[in-house]
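Report on the structure
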Amino acid sequence: MFIVTAIGSFKVVDVERKDIAELHHKFRDKPYQDNRTLGVLSNMQSNGNLGLAA
């Protein structure tokens with residue numbers, strides 16, 4: 001839900017690290033949600049579902 005709202009309008013190839021960093025910063029006051037969101041994005045990247053360069 002949070003991910004789709006934040007980057008749902010992007011094409012996968014257009015998502016950049018700065019977009020993820022901005023999303024991470026947005027949830028700094030909600031550490032649990034922040035870490036869960038980063039975990040999902042990390043899993044997506046590891047499985048090739050998100051085209052982020054290392």
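Here the structure is shown first, and the text comes after it.
Just so you know, these numbers come straight off a predicted model, no measurement behind them.

Some thoughts on the environment of Leu41
Note on placement: Leu41 falls in helix α3 (residues 31–46). For Leu41, a relative accessible area of 4% puts it in the buried group. Separated by 21 residues in the primary sequence, Leu41 and Ile20 place their C-alpha atoms 8.3 Å from one another.

Section: helix α2 (residues 17–26)
If you check which residues of α2 are buried, you get Asp19, Ile20 and Leu23. Viewed along the axis of α2, the buried residues span an arc of 95 degrees, placing them on a single side of the element. For α2, exposure combined with an orientation more than 90 degrees from the buried face picks out Arg17 and Glu22.

Cut-offs applied
- Residues numbered from 1 in each chain as written.
- Predicted model: local features only at pLDDT ≥ 70, side-chain atom pairs only at ≥ 80, totals over all residues.
- Heavy atoms only, no water.
- Helix = DSSP H or I, 4+ residues; strand = E, 2+ residues; numbered from the N terminus.
- Buried < 20%, exposed > 50% of the residue type's maximum accessible area, 1.4 Å probe, protein only.
- Arc of directions from axis to C-beta.

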